[in-house]
Number of protein chains: 2
Amino acid sequence: MKKSALQIARAAYQPKLPVTLTGAVMAVEGAPTQSVADQEEIAKLFPNTYGMPELRFEKNPNPMVGKSVNVGVILSGGQAPGGHNVICGLFDGIKRINKDSRLYGFLMGPGGLVDHKYIELTADIIDEYRNTGGFDIIGSGRTKLEKKEQFDKGLEILKQLGISALVIIGGDDSNTNAAILAEYYKAIGAGVQVIGCPKTIDGDLKNEVVEASFGFDTATKVYSELIGNIQRDCFSAKKYWHFIKLMGRSASHIALECALQTQPNVCIISEEVEAKNQTLQDVVNYIADIVAARAARGDNFGTVLIPEGLIEFIPAMKSLIAELNDLLAHNADFSSLDAEAQRKFVIENLSADNSAVYASLPAGVARQLTLDRDPHGNVQVSLIETEKLLSEMVGRRLEEMRAEGKYNGKFSPLHHFFGYEGRCAAPSNFDADYCYALGFNAACLINAGVTGYISSLRNLKKPSVQWLAGGIPISMMFNMERRHGEMKPVIQKALVRIDGTPFQRFAAKRADWAINTQYVFPGPIQYFGPAEVCDQPTKTLHYEHLDK
Amino acid sequence: MKKSALQIARAAYQPKLPVTLTGAVMAVEGAPTQSVADQEEIAKLFPNTYGMPELRFEKNPNPMVGKSVNVGVILSGGQAPGGHNVICGLFDGIKRINKDSRLYGFLMGPGGLVDHKYIELTADIIDEYRNTGGFDIIGSGRTKLEKKEQFDKGLEILKQLGISALVIIGGDDSNTNAAILAEYYKAIGAGVQVIGCPKTIDGDLKNEVVEASFGFDTATKVYSELIGNIQRDCFSAKKYWHFIKLMGRSASHIALECALQTQPNVCIISEEVEAKNQTLQDVVNYIADIVAARAARGDNFGTVLIPEGLIEFIPAMKSLIAELNDLLAHNADFSSLDAEAQRKFVIENLSADNSAVYASLPAGVARQLTLDRDPHGNVQVSLIETEKLLSEMVGRRLEEMRAEGKYNGKFSPLHHFFGYEGRCAAPSNFDADYCYALGFNAACLINAGVTGYISSLRNLKKPSVQWLAGGIPISMMFNMERRHGEMKPVIQKALVRIDGTPFQRFAAKRADWAINTQYVFPGPIQYFGPAEVCDQPTKTLHYEHLDK
């Protein structure tokens, strides 16, 4: 494909490795680890890989050439900026250890391993993808690697290609499965190490030992660029309320980070809505009160950030959706009714509380809840246009307030949803460095002979040369959770912590931002300018480090 | 407001003026001009300002300090990146001519002149806005300056503030009105010069003498960044068709420029649809054929760019909308009918052709056409979600093709609309330079004592230091057109020319882009990098200059 001028200039960027990784390294073992919860059960499930020590890399005063190794790599799940750099770092890392090492990429996600679809990633190919966005070098996919048959099928091709280490780049689920695969391959003596790398723009794969997932930095910067531009437009035209939904179903880190960067009038944080047991109407009233307060000052404009997953965090909606799933799954005739009869059926057959919630929803949304169902018959929550739902309900609430003499303004809403715009942006300097280092570090973990570890870089708030490199046993991040009716060992998802500094900073400022327009306009990601423009990590990372 | 790191760094950028304007200038007159059409009528309407010569600025070997002057400035219409720099350039320009000159900004558009709402723009204020996006320094508005009472009311405040020159920054309509105002003030001997500046992201204010309107460069670069990111995502995930609508109702320059920058699989150009007298179904079939051809190669993904104004360019839709406006305006009872009865009424009462078109539309869109009406009873075409309309009709067409054995793929559409994301972005180097020079040059036109001119910079494909500075009589761009039932002198709107090089380059490549994925990923606007990344003008400008 034809390269843009920026792509060509950016290809020359040399990611800045942590000093430790710039020469030969040795692995220093810490104390044995424990899982974050349910230690006994998890120890039982991972007899071969539980309790391993944290590893820290230090400069090796006695360097020697390592063994050549054949390595496989998989991109798993949704795209995140920097995935290509993980692979480039991994390639450079195994080549530095031994120039005869080889790298194979499995195509279109974990399915490529099971179906034996792969390419060898040579220097020519790798050089085309340095510092680029996207996952197109080998593609990605959502097949879950979780069954013994998949593991065995995968092992066939690994053996055939002489691959003794597999790097899985993915989110919490994919890293969970990487640990299960590591345990299995160790248990059967397959001779294949498995190493994970923390990926997701959602920012919900992080904890005491993994400071950030890659992609979050770049994606939130792209969204913040757009929100800032919209805010400048909004502040110039002074006539629209922009309702902006942001990707991130499981957690509100993206919305929170964008709010910290752009200072909108309103930002809803799902975790807070859940913690306070708020209803949809509570959220609507909160927004409507701010619209009215601004209107009283003559400001009939503003911005509202909404996390994609909001609906699923509202306890009353969660309960409604669960009962609807159940009700409609057991009433096959439902779809043959006309719209009016469907609505009547639902209202009459739900429990009183859920029926009331259902009846209170705008007709379009209520209907959407019964129409758009996935193949398992479940409501497709992701199809609900929460940004339109909220603005419609806010508009209705404002008319009530007008009738009560509490509002006397003009409310013209516009809607946006940002997600795909940021997942494949070319990585920021932070993500370019972080991803390259994650991949390079994964090569060092392979050379150290370990399995079931996640590539780990810490001290991320500092310039990349000062980052601390090492490995964390994935099982250390596990707890037991119910999934599809069964208790499973999984990596705990990191939600926004209401008592954490990022949220607290936001909460301390939001009343001011709501009324006194305090927009910030971050502008687009810069790759060539001064360090304070190009090299700042996220506000989330900045504030989280203040907690430490 | 708090400034972002980029804003602070960018404030220091010094726009590069054309060499001519860096010292004292003298105005050199060209030959008398004529309007592009209807010369006699227009000469009659502009007895005092018709036929004036083009002006060219040259370095003045005998510089002298000019008279101090009080100047007023107005931002008119939709936001466009760089508006602040026009004002900064104007400020610096009148201060260089005489340090005692003063600048007043009328607030929230032309209405500020009529209502006597203004602020003095001092150096402190100006310095806060250098190289920033938005129009928030004085705000903008859509009041049309076209009535004698408005002109007289405006003159009161101009006299009161001692203002002898007014600069109107706006699109084709605003510059048309600037010329009418200039004529009026000259006719009554008001002693107020009026100068226009060409603004609009839509790119439809341009002609032989105005090479580009400001804002088009930056806005299309922001949209192209986003389209490129989506294309990288699309190419990585390989499972979605992205339907992307782009702002620009009156012309398709934005869609065409973005297509030239990003090489999508499909880009619809409204002017071509109209020229070929295509139906909506023709457009749908064209897209569906490409979806099917790609599916046959296993590529169930792609991108489609759609200009916002498409619907109004489709002859059959234009005819339908016109008849609907008429039909519903004369049937007050229509709104009391239920949805089914409304549909029946429309189908029965339209002419046969329009009835057939109406019946062929997806029910939701058909209903939208009869529901969303502006205060004059007209269909609000801008509310039609053309991107969803097209994807729905394409999906339907693909199912027909499947039944005929001509399609065997998977079609999952996603939708985007980009407009507000780009109108207030911080200006690219091109727009920062162009706007600053337009404002500075306007100051030179004021010093030259002329009125009814538009600030003009030519040779824009070259680096800004080589641009040619001068002024063009606005009446030179006029022709007579029917507006609201009356023939009026107006600036001819520049549509995409089917025989122009930009379109021809696109047309020559699109079959290749459709089938062989050839995406380009331009990335975000850069302000600090190498010239080939930071200083490229648009492809449209580049190719148009090849025509010359």
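Details of the structure are given in the entry above.
Rules of the game
Residues numbered from 1 in each chain as written. Chains lettered and ligands numbered in written order. Predicted model: local features only at pLDDT ≥ 70, side-chain atom pairs only at ≥ 80, totals over all residues. Heavy atoms only, no water. Helix = DSSP H or I, 4+ residues; strand = E, 2+ residues; numbered from the N terminus. Rg over C-alpha atoms; globule rule 2.2 N^0.38 Å. Contact = heavy atoms within 4.5 Å. Areas by Shrake-Rupley, 256 points an atom, 1.4 Å probe, with all protein chains shown as cover. Lys, Arg positive; Asp, Glu negative; His and termini not counted. Charge placed at Lys NZ, Arg CZ, Asp CG, Glu CD. Least-squares fit on C-alpha atoms with pLDDT ≥ 70 in both. 1 Å grid on protein atoms, 1.4 Å probe; cavity = no way out; pocket = protein on both sides within 12 Å on 5 of 7 lines; lining within 4 Å. Points joined across faces, edges and corners; volume = space filled by probe spheres on them. Nonpolar A, V, L, I, M, F, W, Y, C, P; charged D, E, K, R; others polar. Salt bridge = Lys/Arg side-chain N within 4 Å of Asp/Glu carboxyl O. Buried < 20%, exposed > 50% of the residue type's maximum accessible area, 1.4 Å probe, protein only. Buried area = accessible area lost by both parts, 1.4 Å probe. Polar contact = N/O pair within 3.5 Å; in protein donor to acceptor, adjacent residues only side chain to side chain. Pairing = 2+ DSSP bridges. Axes fitted to C-alpha atoms, helices over the stretch in contact; angles between N-to-C directions. Parallel < 35°, antiparallel > 145°, perpendicular 65-115°, else oblique. Left-handed = near helix turned anticlockwise from the far one by under 90°. Expected span 1.5 Å × (residues − 1). Phe/Tyr/Trp six-rings, centres within 6.5 Å; stacked < 30°, edge-to-face > 60°.

Colleague: Provide a residue-level description of the overall build of chain A, including the pertinent values.
Modeller: When you go through chain A residue by residue, the secondary structure sums to 22 helices and 15 strands. Relative to the globule expectation of 24 Å for 548 residues, the C-alpha radius of gyration of chain A, 25 Å, shows essentially globular dimensions. In terms of overall dimensions, chain A has C-alpha extents of about 80 × 55 × 45 Å along its principal axes. Taking contacts inside chain A between residues at least 6 apart in sequence as the whole, the part at least 24 apart equals 78%. Of the roughly 20,600 Å² that chain A leaves accessible, carbon and sulfur atoms contribute 51%. A gap of 4 Å separates the mean positions of the 57 positive and 63 negative side-chain charges of chain A.

Colleague: Outline the relation of the copies chain B and chain A, listing residues and values.
Modeller: If you rotate chain B by 180° and push it 0.0 Å along the axis, it lands on chain A with an RMSD of 0.0 Å. Expressed as a symmetry operation, the mapping of one chain copy onto the other fits a two-fold axis. Comparing interface residues between copies, 100% of those in chain B also lie at the interface in chain A; the contact surface is shared.

Colleague: Break down empty space enclosed by the protein for me, with residues and values.
Modeller: Overall, the coordinates contain 5 cavities of 30 Å³ or more when judged by the stated rule. Each pocket or cavity is described by its volume, and for the largest cavity that value is around 210 Å³. Around the largest cavity, the lining comprises 25 residues; the ones closest to its centre are A:Ala425, A:Ala426, B:Phe521, B:Gly523 and B:Pro524. Of all the elements in the fold, those that place two or more residues in the lining of the largest cavity are helix 1 (5–11) and helix 8 (216–237) of chain A together with helix 8 (216–237) of chain B. Its residues placed into classes, the lining of the largest cavity shows 12 nonpolar, 8 polar and 5 charged. The computed volume of the second largest cavity comes to approximately 140 Å³.

Colleague: Any details on the pattern of salt bridges? Residues and values, ideally.
Modeller: Inspection of the entire model under this criterion finds 62 salt bridges over all chains. Measuring nitrogen to oxygen at the nearest pair gives 2.8 Å for the salt bridge that ties A:Arg397 to A:Glu400. Here A:Glu400 and A:Arg397 lie together in helix 17 (residues 386–403), a separation of 3 residues that amounts to about one turn. What makes A:Arg397 buried here is its relative accessible area of 15%. Between B:Lys153 and B:Glu156 there is a salt bridge whose closest N-O contact spans 3.6 Å.

Colleague: Give me the interface of chain B and chain A: which residues, what numbers.
Modeller: On the chain A side, the residues contacting the 61 residues of chain B number 61 residues. For the pair chain B and chain A, the summed buried surface comes to about 4,800 Å²; carbon and sulfur atoms form 56% of the total. On the chain B side of the contact with chain A, B:Met1, B:Arg232 and B:Tyr420 bury the most area, a combined 15% of that side's loss. Inspection of the region where chain B meets chain A yields 6 salt bridges. The shortest N-O distance in the salt bridge between B:Arg423 and A:Asp233 comes to 2.7 Å. For the pair chain B and chain A, the interface holds 26 residue pairs in polar contact (both at pLDDT 80 or more). At the level of secondary structure, the elements contributing two or more residues to the side of chain B that touches chain A comprise helix 1 (5–11), helix 8, strand 11 (413–418), helix 18 (420–423) and helix 21 (531–534) of chain B. Top element by residues in the side of chain B that touches chain A is helix 8 of chain B. It accounts for 10 residues. In terms of residue class, the side of chain B that touches chain A is built from 28 nonpolar, 19 polar and 14 charged.

Colleague: Just give me the short version of the sheet that holds strand 8 (residues 241–246) of chain A, but keep the residues and values in it.
Modeller: Residues and elements named next belong to chain A. Read from one edge of the open sheet, 4 strands run 9-10-8-11, paired in parallel fashion. Looking at which strands have only one partner, the edges of the open sheet turn out to be strand 9 (266–267) and strand 11 (413–418). Note that strand 8 and strand 11 share 6 bridges and pair parallel. Bridge pairing in strand 11 links leucine 246 to phenylalanine 418. The sheet contacts of helix 11 (residues 280–296) involve strand 8, strand 9 and strand 10 (302–307), and relative to strand 8 the element is tilted by about 150°.

Colleague: I'd like to hear about the packing of helix 3 (residues 83–97) of chain A against helix 19 (residues 429–447) of chain A, residue by residue, with values.
Modeller: All names here are of chain A. Two numbers describe how helix 3 lies on helix 19: the axes approach to 7 Å, and their chain directions differ by 40°. As far as their axial angle goes, helix 19 and helix 3 are oblique. Crossing angle aside, the handedness with which helix 3 passes helix 19 is right-handed. Residue-level contacts link Gly83, Asn85, Val86, Cys88, Gly89, Leu90, Asp92, Gly93, Ile94, Arg96 and Ile97 of helix 3 to Ala432, Cys435, Tyr436, Gly439, Phe440, Ala442, Ala443, Cys444, Ile446 and Asn447 of helix 19. Of the residues belonging to the contact of helix 3 with helix 19, the class tally is 13 nonpolar, 6 polar and 2 charged.

Colleague: An account of helix 17 (residues 386–403) of chain B is requested, with residue identities and associated values reported.
Modeller: In a regular helix each residue adds 1.5 Å, so 18 residues correspond to 26 Å; helix 17 of chain B covers 26 Å between its end C-alpha atoms and thus fits that length. Looking one or two places after helix 17 of chain B, you find B:Gly405, whose phi comes out positive at around 75°.

Colleague: Account for the pairing of strand 2 (residues 53–59) of chain A, naming residues and giving values.
Modeller: Residues and elements named next belong to chain A. As defined by bridge partners, strand 1 (residues 25–32) adjoins strand 2 across 6 bridges and the pair is classed as antiparallel. In the strand pairing of strand 2, valine 28 is matched with arginine 56. With 2 bridges joining them, strand 2 and strand 13 (residues 468–473) adopt antiparallel strand pairing. Along strand 13, the bridge assignment pairs arginine 56 with glycine 470.

Colleague: Go over helix 7 (residues 172–187) of chain A with me, naming the residues and quoting the values.
Modeller: All names here are of chain A. The end-to-end C-alpha distance of helix 7 is 23 Å, a good match for the 22 Å that 16 residues give at a rise of 1.5 Å each. The element helix 7 is largely enclosed, with a buried count of 12 among its 16 residues. Of the residues making up helix 7, those classed as buried are Asp172, Ser174, Asn175, Thr176, Asn177, Ala178, Ala179, Leu181, Ala182, Glu183, Tyr184 and Tyr185. One or two positions beyond helix 7, positive phi appears at glycine 189, with a value near 65°.

Colleague: Lay out the environment of A:Met487 in plain terms, naming residues and giving numbers.
Modeller: Residue and element names in this part refer to chain A. Mapped onto the secondary structure, methionine 487 falls in strand 15 (residues 486–491). C-alpha separation for the pair methionine 487 and glutamate 272, spaced 215 residues apart in sequence, amounts to 26 Å. Setting aside its immediate chain neighbours within four residues, methionine 487 contacts Met480, Glu481 and Arg482.

Colleague: How would you sum up the packing of aromatic side chains? Please name residues and give values.
Modeller: Counted by the stated rule, this structure contains 32 aromatic pairs over all chains. Between A:Phe151 and A:Tyr184, the ring centres sit 5.4 Å apart and the planes meet at 50°, which makes this aromatic pair tilted. Of this pair, A:Phe151 sits in helix 6 (residues 148–160) while A:Tyr184 sits in helix 7, placing them 33 residues apart in sequence. Neither A:Phe151 nor A:Tyr184 differs from the other in exposure class; each is buried. The interplanar angle of 70° and the centroid separation of 5.9 Å between the aromatic rings of A:Tyr240 and B:Tyr420 together place this pair among those described as edge-to-face. Taken together, the positions of A:Tyr240 in the loop between helix 8 and strand 8 and B:Tyr420 in helix 18 put the pair across two chains. B:Tyr420 sits in the buried class, given a relative accessible area of 13%.

Colleague: Pulling in residues and values, what's your account of the sheet that holds strand 12 (residues 453–458) of chain B?
Modeller: Residue and element names in this part refer to chain B. The strand order across the open sheet formed by 9 strands is 1-2-13-12-7-6-3-4-5, and the pairing between neighbours is mixed. The sheet is open, and its two borders are formed by strand 1 (25–32) and strand 5 (118–120), each paired with just one other strand. Averaged over all neighbouring strand pairs, the angle between strand axes comes to 25°, with direction disregarded. Both strand 12 and strand 13 (residues 468–473) contribute to a ladder of 6 bridges, which runs antiparallel. Opposite leucine 457, over in strand 13, you have alanine 469 as the bridge partner. Along the sheet face, helix 3 (residues 83–97) touches strand 3 (70–75), strand 4 (102–106), strand 6 (163–170) and strand 7 (193–198) and points at about 175° away from the line of strand 3.

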